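Structure assessment
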Amino acid sequence: MKWIPNDIEMYINAKEFVDTAVVALHPVSFGDEMKQSASMHDFITLLTNQLERQFTGRMVLFPAYSYLKKGRMDKPLEELLEWERSLKENEFKHIFYITSDSDWRMQESSLTGALLWMPLLPLESMDESQKVSLIGSQVKQLQNLFTQKWRENQ
Amino acid sequence: MSKHRVSRRQFLSYTLTGVGGFMAAGMLMPMVRFAVDPVLRAEESGSFTPTKQKVDELTSKPVRVDFTFKQKDAWYESEVTSTAWVYKDDNGKIMALSPVCKHLGCTVGWNTSKEHPNQFFCPCHYGRYEKDGTNIPGTPPLAPLDEYPYKEKGGYLYLGQAKPRKEA
Ligand code: FES
(Lines give C-alpha, C1' and ligand atoms only; values in the text may rest on other atoms or scores of the structure.)
Protein backbone atom coordinates (compact mmCIF):
# COMPACT_ATOMS: atom_id res chain seq x y z
CA MET A 1 0.00 0.00 0.00
CA LYS A 2 1.22 3.40 -0.90
CA TRP A 3 0.94 6.61 1.07
CA ILE A 4 -2.23 7.71 -0.69
CA PRO A 5 -5.69 8.04 0.83
CA ASN A 6 -7.21 5.10 -1.06
CA ASP A 7 -4.50 2.70 -0.03
CA ILE A 8 -4.46 3.90 3.54
CA GLU A 9 -8.19 3.38 3.76
CA MET A 10 -7.60 -0.14 2.57
CA TYR A 11 -4.94 -0.50 5.23
CA ILE A 12 -7.30 0.65 7.97
CA ASN A 13 -9.83 -1.96 6.91
CA ALA A 14 -7.33 -4.79 6.65
CA LYS A 15 -4.85 -3.95 9.39
CA GLU A 16 -4.54 -7.50 10.64
CA PHE A 17 -3.03 -8.53 7.31
CA VAL A 18 -0.51 -5.72 7.04
CA ASP A 19 2.47 -6.16 9.32
CA THR A 20 5.33 -4.71 7.31
CA ALA A 21 6.61 -1.16 7.01
CA VAL A 22 9.09 0.02 4.40
CA VAL A 23 10.91 3.32 4.73
CA ALA A 24 13.40 4.59 2.18
CA LEU A 25 16.28 6.67 3.57
CA HIS A 26 17.42 9.48 1.29
CA PRO A 27 20.55 11.52 2.02
CA VAL A 28 20.53 15.09 0.73
CA SER A 29 23.94 16.55 -0.07
CA PHE A 30 25.31 19.66 -1.73
CA GLY A 31 28.43 20.37 -3.71
CA ASP A 32 30.32 17.47 -5.21
CA GLU A 33 27.91 14.92 -3.82
CA MET A 34 24.70 16.63 -4.82
CA LYS A 35 24.25 14.70 -8.03
CA GLN A 36 25.08 11.41 -6.41
CA SER A 37 22.47 11.96 -3.74
CA ALA A 38 19.92 12.69 -6.47
CA SER A 39 20.86 9.42 -8.21
CA MET A 40 20.41 7.56 -4.96
CA HIS A 41 17.00 9.08 -4.54
CA ASP A 42 16.04 8.03 -8.06
CA PHE A 43 17.32 4.51 -7.65
CA ILE A 44 15.82 3.80 -4.26
CA THR A 45 12.48 5.30 -5.28
CA LEU A 46 12.34 3.00 -8.28
CA LEU A 47 13.19 -0.03 -6.17
CA THR A 48 10.72 0.65 -3.40
CA ASN A 49 7.90 1.38 -5.85
CA GLN A 50 8.49 -1.91 -7.62
CA LEU A 51 8.65 -3.70 -4.33
CA GLU A 52 5.36 -2.17 -3.30
CA ARG A 53 3.72 -3.57 -6.42
CA GLN A 54 4.79 -7.07 -5.47
CA PHE A 55 3.73 -6.85 -1.85
CA THR A 56 0.88 -4.31 -1.84
CA GLY A 57 -1.30 -6.37 0.44
CA ARG A 58 1.14 -6.84 3.27
CA MET A 59 3.25 -3.68 3.45
CA VAL A 60 2.89 0.06 3.74
CA LEU A 61 5.42 2.07 1.79
CA PHE A 62 5.83 5.11 3.99
CA PRO A 63 6.94 8.51 2.73
CA ALA A 64 10.70 8.36 2.55
CA TYR A 65 12.84 9.78 5.32
CA SER A 66 15.19 12.45 3.93
CA TYR A 67 17.99 13.99 5.96
CA LEU A 68 20.71 16.50 5.44
CA LYS A 69 24.04 14.87 5.01
CA LYS A 70 26.49 16.68 7.22
CA GLY A 71 29.07 14.23 8.41
CA ARG A 72 27.78 12.82 11.67
CA MET A 73 24.88 10.42 11.62
CA ASP A 74 23.66 10.86 15.19
CA LYS A 75 20.85 13.24 14.30
CA PRO A 76 19.36 11.20 11.48
CA LEU A 77 19.73 8.11 13.62
CA GLU A 78 17.93 9.71 16.52
CA GLU A 79 15.05 10.71 14.32
CA LEU A 80 14.84 7.34 12.65
CA LEU A 81 14.66 5.69 16.07
CA GLU A 82 11.70 7.93 16.72
CA TRP A 83 10.04 6.60 13.55
CA GLU A 84 10.84 3.10 14.63
CA ARG A 85 9.13 3.55 17.98
CA SER A 86 5.98 4.84 16.29
CA LEU A 87 5.93 2.06 13.75
CA LYS A 88 6.24 -0.54 16.48
CA GLU A 89 3.55 1.09 18.58
CA ASN A 90 1.32 0.83 15.55
CA GLU A 91 1.84 -2.85 15.13
CA PHE A 92 4.27 -3.03 12.28
CA LYS A 93 6.07 -6.22 13.17
CA HIS A 94 8.52 -6.09 10.30
CA ILE A 95 10.34 -2.87 9.54
CA PHE A 96 12.66 -2.48 6.56
CA TYR A 97 14.83 0.51 5.74
CA ILE A 98 16.13 0.73 2.20
CA THR A 99 18.98 3.05 1.30
CA SER A 100 22.07 3.56 -0.85
CA ASP A 101 23.80 5.63 1.82
CA SER A 102 26.54 3.39 3.18
CA ASP A 103 26.86 5.41 6.40
CA TRP A 104 23.81 3.65 7.73
CA ARG A 105 25.65 0.36 7.80
CA MET A 106 27.57 1.57 10.81
CA GLN A 107 24.31 2.30 12.62
CA GLU A 108 22.69 -1.00 11.88
CA SER A 109 23.14 -2.38 15.37
CA SER A 110 21.17 0.49 16.92
CA LEU A 111 18.12 -0.29 14.80
CA THR A 112 15.58 -3.04 15.35
CA GLY A 113 14.32 -2.85 11.80
CA ALA A 114 16.32 -4.47 9.02
CA LEU A 115 18.67 -2.20 7.14
CA LEU A 116 18.88 -3.10 3.47
CA TRP A 117 21.77 -1.36 1.84
CA MET A 118 21.51 -1.30 -1.95
CA PRO A 119 24.67 -0.01 -3.61
CA LEU A 120 23.90 2.65 -6.18
CA LEU A 121 23.77 1.46 -9.78
CA PRO A 122 24.61 3.87 -12.60
CA LEU A 123 21.13 3.89 -14.12
CA GLU A 124 21.78 7.05 -16.13
CA SER A 125 24.21 5.27 -18.38
CA MET A 126 21.90 2.37 -19.18
CA ASP A 127 19.23 1.95 -21.80
CA GLU A 128 15.66 1.24 -20.83
CA SER A 129 15.75 -2.54 -21.19
CA GLN A 130 18.98 -2.91 -19.23
CA LYS A 131 17.50 -0.76 -16.52
CA VAL A 132 14.33 -2.81 -16.34
CA SER A 133 16.11 -6.13 -16.07
CA LEU A 134 18.58 -4.82 -13.51
CA ILE A 135 15.94 -3.31 -11.29
CA GLY A 136 13.94 -6.49 -11.75
CA SER A 137 16.73 -8.65 -10.40
CA GLN A 138 17.37 -6.33 -7.47
CA VAL A 139 13.71 -6.37 -6.57
CA LYS A 140 13.77 -10.18 -6.71
CA GLN A 141 16.55 -10.21 -4.14
CA LEU A 142 14.60 -7.89 -1.89
CA GLN A 143 11.50 -10.05 -2.29
CA ASN A 144 13.40 -13.11 -1.15
CA LEU A 145 14.65 -11.27 1.90
CA PHE A 146 11.13 -10.22 2.80
CA THR A 147 9.55 -13.62 2.39
CA GLN A 148 12.37 -15.15 4.39
CA LYS A 149 11.81 -12.72 7.26
CA TRP A 150 8.10 -13.37 7.17
CA ARG A 151 8.62 -17.10 7.38
CA GLU A 152 11.08 -16.83 10.26
CA ASN A 153 8.52 -15.16 12.51
CA GLN A 154 5.45 -17.03 11.52
CA MET B 1 -43.12 32.02 11.26
CA SER B 2 -40.64 29.55 12.64
CA LYS B 3 -40.28 28.07 9.21
CA HIS B 4 -39.22 31.40 7.88
CA ARG B 5 -36.52 31.72 10.53
CA VAL B 6 -35.05 28.35 9.72
CA SER B 7 -34.83 29.11 6.07
CA ARG B 8 -33.14 32.41 6.79
CA ARG B 9 -30.58 30.65 8.95
CA GLN B 10 -30.13 28.09 6.22
CA PHE B 11 -29.62 30.83 3.73
CA LEU B 12 -26.86 32.26 5.87
CA SER B 13 -25.13 28.97 6.21
CA TYR B 14 -25.46 28.40 2.49
CA THR B 15 -23.82 31.66 1.67
CA LEU B 16 -21.04 30.89 4.10
CA THR B 17 -20.37 27.46 2.72
CA GLY B 18 -20.93 28.92 -0.70
CA VAL B 19 -17.53 30.54 -0.72
CA GLY B 20 -15.82 27.22 -0.10
CA GLY B 21 -18.31 25.44 -2.27
CA PHE B 22 -17.52 27.67 -5.16
CA MET B 23 -13.83 26.91 -4.91
CA ALA B 24 -14.50 23.19 -4.63
CA ALA B 25 -16.65 23.33 -7.73
CA GLY B 26 -13.86 25.03 -9.58
CA MET B 27 -11.56 22.19 -8.68
CA LEU B 28 -14.04 19.41 -9.22
CA MET B 29 -15.41 20.40 -12.58
CA PRO B 30 -12.37 19.55 -14.63
CA MET B 31 -12.05 16.27 -12.74
CA VAL B 32 -15.62 15.34 -13.47
CA ARG B 33 -15.02 16.13 -17.08
CA PHE B 34 -12.04 13.82 -17.07
CA ALA B 35 -14.03 11.11 -15.45
CA VAL B 36 -16.78 11.10 -18.04
CA ASP B 37 -14.98 12.29 -21.16
CA PRO B 38 -16.22 9.89 -23.85
CA VAL B 39 -12.89 9.91 -25.66
CA LEU B 40 -11.07 8.69 -22.58
CA ARG B 41 -13.80 6.15 -21.93
CA ALA B 42 -13.47 4.61 -25.35
CA GLU B 43 -9.74 4.33 -24.96
CA GLU B 44 -10.10 2.59 -21.63
CA SER B 45 -12.35 -0.21 -22.72
CA GLY B 46 -11.49 -0.74 -26.34
CA SER B 47 -7.76 -0.67 -26.71
CA PHE B 48 -5.38 -3.59 -26.88
CA THR B 49 -1.71 -3.29 -26.06
CA PRO B 50 0.91 -5.18 -28.06
CA THR B 51 3.23 -7.53 -26.19
CA LYS B 52 6.48 -9.12 -27.25
CA GLN B 53 4.96 -12.57 -26.85
CA LYS B 54 4.62 -14.67 -30.04
CA VAL B 55 1.38 -16.59 -29.97
CA ASP B 56 2.79 -19.78 -31.48
CA GLU B 57 5.46 -19.93 -28.78
CA LEU B 58 2.88 -20.28 -26.05
CA THR B 59 2.63 -23.67 -24.38
CA SER B 60 0.62 -25.14 -21.57
CA LYS B 61 3.12 -23.70 -19.08
CA PRO B 62 2.20 -20.21 -17.84
CA VAL B 63 4.78 -17.58 -18.77
CA ARG B 64 5.16 -14.04 -17.54
CA VAL B 65 4.34 -11.44 -20.17
CA ASP B 66 5.12 -7.82 -19.36
CA PHE B 67 3.62 -5.04 -21.40
CA THR B 68 3.71 -1.28 -21.19
CA PHE B 69 1.07 1.23 -22.06
CA LYS B 70 0.34 4.88 -21.50
CA GLN B 71 -2.12 5.92 -18.89
CA LYS B 72 -3.59 9.38 -18.56
CA ASP B 73 -4.71 10.94 -15.38
CA ALA B 74 -5.65 14.50 -14.55
CA TRP B 75 -2.06 15.73 -14.45
CA TYR B 76 0.15 13.74 -16.67
CA GLU B 77 0.54 10.79 -18.94
CA SER B 78 2.59 8.00 -17.50
CA GLU B 79 3.94 4.67 -18.64
CA VAL B 80 2.49 1.75 -16.79
CA THR B 81 3.88 -1.74 -16.93
CA SER B 82 1.49 -4.59 -16.35
CA THR B 83 2.05 -8.30 -16.21
CA ALA B 84 0.01 -11.27 -17.31
CA TRP B 85 0.40 -15.01 -16.83
CA VAL B 86 -0.26 -16.54 -20.23
CA TYR B 87 -0.62 -20.17 -21.40
CA LYS B 88 -2.70 -22.43 -23.58
CA ASP B 89 -5.29 -24.53 -21.82
CA ASP B 90 -6.13 -28.17 -22.59
CA ASN B 91 -8.26 -27.15 -25.54
CA GLY B 92 -5.51 -24.95 -26.97
CA LYS B 93 -7.33 -21.81 -25.94
CA ILE B 94 -5.17 -18.94 -24.71
CA MET B 95 -5.59 -17.86 -21.10
CA ALA B 96 -4.14 -14.54 -19.92
CA LEU B 97 -4.53 -14.04 -16.17
CA SER B 98 -3.83 -10.98 -14.07
CA PRO B 99 -1.20 -11.57 -11.38
CA VAL B 100 -2.95 -9.27 -8.93
CA CYS B 101 -4.14 -11.26 -5.93
CA LYS B 102 -7.84 -10.84 -5.24
CA HIS B 103 -7.23 -10.72 -1.52
CA LEU B 104 -5.26 -7.51 -1.02
CA GLY B 105 -3.44 -7.05 -4.30
CA CYS B 106 0.01 -8.62 -4.03
CA THR B 107 1.54 -10.15 -7.13
CA VAL B 108 1.06 -13.89 -7.44
CA GLY B 109 3.68 -16.23 -8.90
CA TRP B 110 3.28 -19.46 -10.84
CA ASN B 111 4.58 -22.59 -9.20
CA THR B 112 6.51 -20.66 -6.55
CA SER B 113 5.41 -22.71 -3.54
CA LYS B 114 7.21 -26.00 -3.08
CA GLU B 115 4.37 -27.47 -1.04
CA HIS B 116 1.79 -26.59 -3.67
CA PRO B 117 3.20 -27.11 -7.15
CA ASN B 118 1.38 -26.07 -10.31
CA GLN B 119 -0.69 -23.40 -8.67
CA PHE B 120 -0.58 -19.64 -8.53
CA PHE B 121 0.76 -18.64 -5.16
CA CYS B 122 0.58 -15.34 -3.30
CA PRO B 123 3.56 -14.70 -1.01
CA CYS B 124 1.71 -12.26 1.23
CA HIS B 125 -0.86 -14.39 3.03
CA TYR B 126 -0.34 -17.61 1.12
CA GLY B 127 -3.38 -17.33 -1.10
CA ARG B 128 -3.58 -19.95 -3.85
CA TYR B 129 -5.30 -20.39 -7.19
CA GLU B 130 -5.67 -23.29 -9.61
CA LYS B 131 -4.00 -23.01 -12.97
CA ASP B 132 -7.25 -21.72 -14.50
CA GLY B 133 -7.28 -18.90 -11.94
CA THR B 134 -9.94 -20.32 -9.63
CA ASN B 135 -9.25 -19.39 -6.03
CA ILE B 136 -8.66 -22.34 -3.72
CA PRO B 137 -11.10 -22.44 -0.80
CA GLY B 138 -9.51 -22.13 2.62
CA THR B 139 -6.95 -19.57 1.39
CA PRO B 140 -7.63 -15.83 1.79
CA PRO B 141 -8.72 -14.84 -1.75
CA LEU B 142 -12.46 -14.95 -2.33
CA ALA B 143 -12.54 -14.59 -6.12
CA PRO B 144 -10.74 -15.98 -9.15
CA LEU B 145 -7.91 -14.03 -10.78
CA ASP B 146 -8.99 -11.42 -13.33
CA GLU B 147 -8.68 -12.30 -16.97
CA TYR B 148 -7.30 -10.22 -19.82
CA PRO B 149 -9.17 -10.18 -23.12
CA TYR B 150 -6.68 -10.84 -25.91
CA LYS B 151 -6.20 -10.58 -29.64
CA GLU B 152 -3.71 -11.97 -32.07
CA LYS B 153 -2.15 -9.64 -34.60
CA GLY B 154 0.72 -10.55 -36.91
CA GLY B 155 1.58 -13.52 -34.73
CA TYR B 156 1.88 -11.43 -31.57
CA LEU B 157 -0.30 -11.35 -28.49
CA TYR B 158 -2.27 -8.18 -27.71
CA LEU B 159 -3.85 -7.69 -24.31
CA GLY B 160 -6.77 -5.52 -23.21
CA GLN B 161 -7.94 -4.46 -19.77
CA ALA B 162 -8.14 -7.19 -17.14
CA LYS B 163 -11.69 -7.96 -16.10
CA PRO B 164 -13.17 -9.88 -13.18
CA ARG B 165 -14.35 -13.28 -14.22
CA LYS B 166 -17.91 -14.44 -14.14
CA GLU B 167 -18.32 -17.57 -12.11
CA ALA B 168 -18.31 -20.57 -14.40
S1 FES C 1 -2.79 -10.46 -0.84
FE2 FES C 1 -2.71 -12.43 -1.73
S3 FES C 1 -3.25 -13.68 -0.06
FE4 FES C 1 -3.39 -11.70 0.79
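Quick look at the structure, then. (Residues numbered from 1 in each chain as written. Chains lettered and ligands numbered in written order. Predicted model: local features only at pLDDT ≥ 70, side-chain atom pairs only at ≥ 80, totals over all residues. Heavy atoms only, no water.)

**Re the pairing of strand 3 (residues 65-68) of chain A**
All names here are of chain A. Residues Tyr65 and Tyr67 of strand 3 are buried on one face, while the alternating residues Ser66 and Leu68, pointing to the opposite face, are not. Pairing of strand 1 (residues 20-28) with strand 3, which is carried by 4 bridges, proceeds in the parallel orientation. From the neighbouring strand, Pro27 faces strand 3, where its bridge partner is Tyr67. (Buried < 20%, exposed > 50% of the residue type's maximum accessible area, 1.4 Å probe, protein only. Helix = DSSP H or I, 4+ residues; strand = E, 2+ residues; numbered from the N terminus. Pairing = 2+ DSSP bridges.)

**Some words on the interface of chain B and chain A**
Contact residues are listed per partner, giving 12 residues for chain B and 13 residues for chain A. Here chain B meets chain A over a buried area of about 1,100 Å², counting both sides, of which 50% is carbon and sulfur. Counting across the chain B and chain A interface gives 0 salt bridges. At the junction of chain B with chain A, the criterion picks out 6 residue pairs in polar contact (both at pLDDT 80 or more). When the residues that make up the side of chain B that touches chain A are grouped by side-chain class, the tally is 6 nonpolar, 6 polar and no charged. (Contact = heavy atoms within 4.5 Å. Buried area = accessible area lost by both parts, 1.4 Å probe. Salt bridge = Lys/Arg side-chain N within 4 Å of Asp/Glu carboxyl O. Polar contact = N/O pair within 3.5 Å; in protein donor to acceptor, adjacent residues only side chain to side chain. Nonpolar A, V, L, I, M, F, W, Y, C, P; charged D, E, K, R; others polar.)

**Describing the state of the cysteines**
All names here are of chain B. Applying the stated criterion across every chain, the model contains 1 disulfide over all chains. With a sulfur-sulfur separation of 2.2 Å, Cys106 is cross-linked through a disulfide to Cys124. Handedness of the Cys106-Cys124 disulfide follows from its S-S torsion of about -90°: it is left-handed. Of this pair, Cys106 sits in the loop between strand 4 (94-97) and strand 5 (109-110) while Cys124 sits in the loop between strand 6 (120-121) and strand 7 (128-129), placing them 18 residues apart in sequence. Since its relative accessible area comes to 2%, Cys106 is described here as buried. Take Cys124: its relative accessible area is 1%, and that puts it in the buried class. (Disulfide = S-S within 2.5 Å.)

**Quick notes on the pairing of strand 9 (residues 156-159) of chain B**
All names here are of chain B. As defined by bridge partners, strand 1 (residues 49-54) adjoins strand 9 across 3 bridges and the pair is classed as antiparallel. Considered in strand 9, the bridge of Thr49 is made with Leu159. Inspection of the sheet shows strand 8 (residues 150-153) paired to strand 9 by 4 bridges, in the antiparallel sense. Residue Glu152 lies in a different strand from strand 9, and its bridge partner there is Leu157. Where strand 8 folds back onto strand 9 in an antiparallel hairpin, the turn is made up of 2 residues, including Gly154, whose phi is positive at roughly 55°.

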